[in-house]
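Examination of the molecular architecture
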Amino acid sequence: MQYKFKFSIFYILLIPLFIVFSCNETNRATIYKNGMVSSAHPIASKIGIDILKKGGNAFDAAIAVHFALSVVYPNAGNIGGGGFLVYRLDNGEVGTLDFREKAPNSSSADMYLDDKGNVIPGLSSIGGLAVGVPGTISAIFEIHNKFGSLPIEELFKPSIELAQKGFLVTEYLEEELNEKRDLFIKVNGESSLYSKEYQYGDTITNNNYARTLLKIMNEGKDGFYSGEVAEDMIETISIDR
């Protein structure tokens, strides 16, 4: 089974913002009784709500939405980045988790400079040298181990099914993907998933990504940081360099 990753434009993924509370407020035709989920895409938000309805807590919902955004919001949501978590529990306990990506072991202070010490344009933002070691997947399992209430499989499956069945391209995603299309082609070639030209209303399926999520779900963070997925990422990054 092949897991091919192509890193072109590097985006930082932050845990989605969630407001979960007990209330009974009416906003036009929408009534919020026990909680609310807010994210950058309605499909991802609905997945979060479904998790809450199943008895999951805010952390469960955040993880599920996180994965959903990596499918339907690929211009920002992803598993190859990093971010921060800031939380406050109902008992007043507060905490943070810094899972920003780290520089690879082979990094050096002058890796983006030419022989004269001048910055090489684009080297730090496009291609293999623009990629840091992702912290997202490690953070997801750390958060779930500490705060999760539903089985991790329940949090992965909605996004796996979404990637398999496909999702509709929004006007915003059409604009974002087409704006970066030349860069995707430059780094990944014309046959990669996001090197194609998409229009509003098109359906995107991503079976390779579905298999990747399934592997991580079954094997934990080792399914991402070692084995086939990690080897393919290393190979792709080395080629792009």
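Residues numbered from 1 in each chain as written. Predicted model: local features only at pLDDT ≥ 70, side-chain atom pairs only at ≥ 80, totals over all residues. Heavy atoms only, no water.

1. Comments concerning the overall build of the chain
A tally of helices and strands in the chain yields nine helices and eight strands. In the chain, of all internal contacts separated by at least 6 residues, the share reaching a separation of at least 24 is 68%. Summed over all atoms, the accessible surface of the chain reaches about 13300 Å², with 50% contributed by carbon and sulfur. (Helix = DSSP H or I, 4+ residues; strand = E, 2+ residues; numbered from the N terminus. Contact = heavy atoms within 4.5 Å. Areas by Shrake-Rupley, 256 points an atom, 1.4 Å probe, with all protein chains shown as cover.)

2. A few points about the packing of helix α1 (residues 42–53) against helix α2 (residues 58–72)
At their nearest, the axes of α1 and α2 sit 8 Å apart, and the two run at 155 degrees to each other. Relative to α2, the element α1 lies roughly antiparallel. Note on packing geometry: the crossing formed by α1 with α2 is right-handed. Facing α1, whose interface residues are I43, A44, I47, G48, I51 and L52, α2 presents A58, D60, A61, A64, V65, A68, L69 and V72. Taken together, the residues of the contact of α1 with α2 break down into twelve nonpolar, one polar and one charged. (Axes fitted to C-alpha atoms, helices over the stretch in contact; angles between N-to-C directions. Parallel < 35°, antiparallel > 145°, perpendicular 65-115°, else oblique. Left-handed = near helix turned anticlockwise from the far one by under 90°. Nonpolar A, V, L, I, M, F, W, Y, C, P; charged D, E, K, R; others polar.)

3. Quick word on the packing of α1 against helix α4 (residues 152–165)
Think of two packed helices as two axes; the pair is described by the angle between the axes and how far apart they sit. The N-to-C vectors of α1 and α4 enclose an angle of 150 degrees; their axes lie 11 Å apart at closest approach. Here α1 and α4 pass one another in a crossing that is right-handed. Across from I43, I47 and I51 in α1, the residues of α4 making contact are E154, L155, P158 and L162. Within the contact of α1 with α4, the residues separate by chemical class into six nonpolar, no polar and one charged.

4. Brief notes about the confidence of the model for the chain
Scored by pLDDT, the chain has a mean of 86; 85% of the residues are at 70 or more. Element-level mean pLDDT values for the chain span from 41 in strand β2 (residues 25–27) up to 98 in α4. Predicted confidence for residues 1–29 stays below pLDDT 50, and this span has 103 contacts to residues more than four positions away or in other chains. (pLDDT = per-residue confidence, 0-100.)

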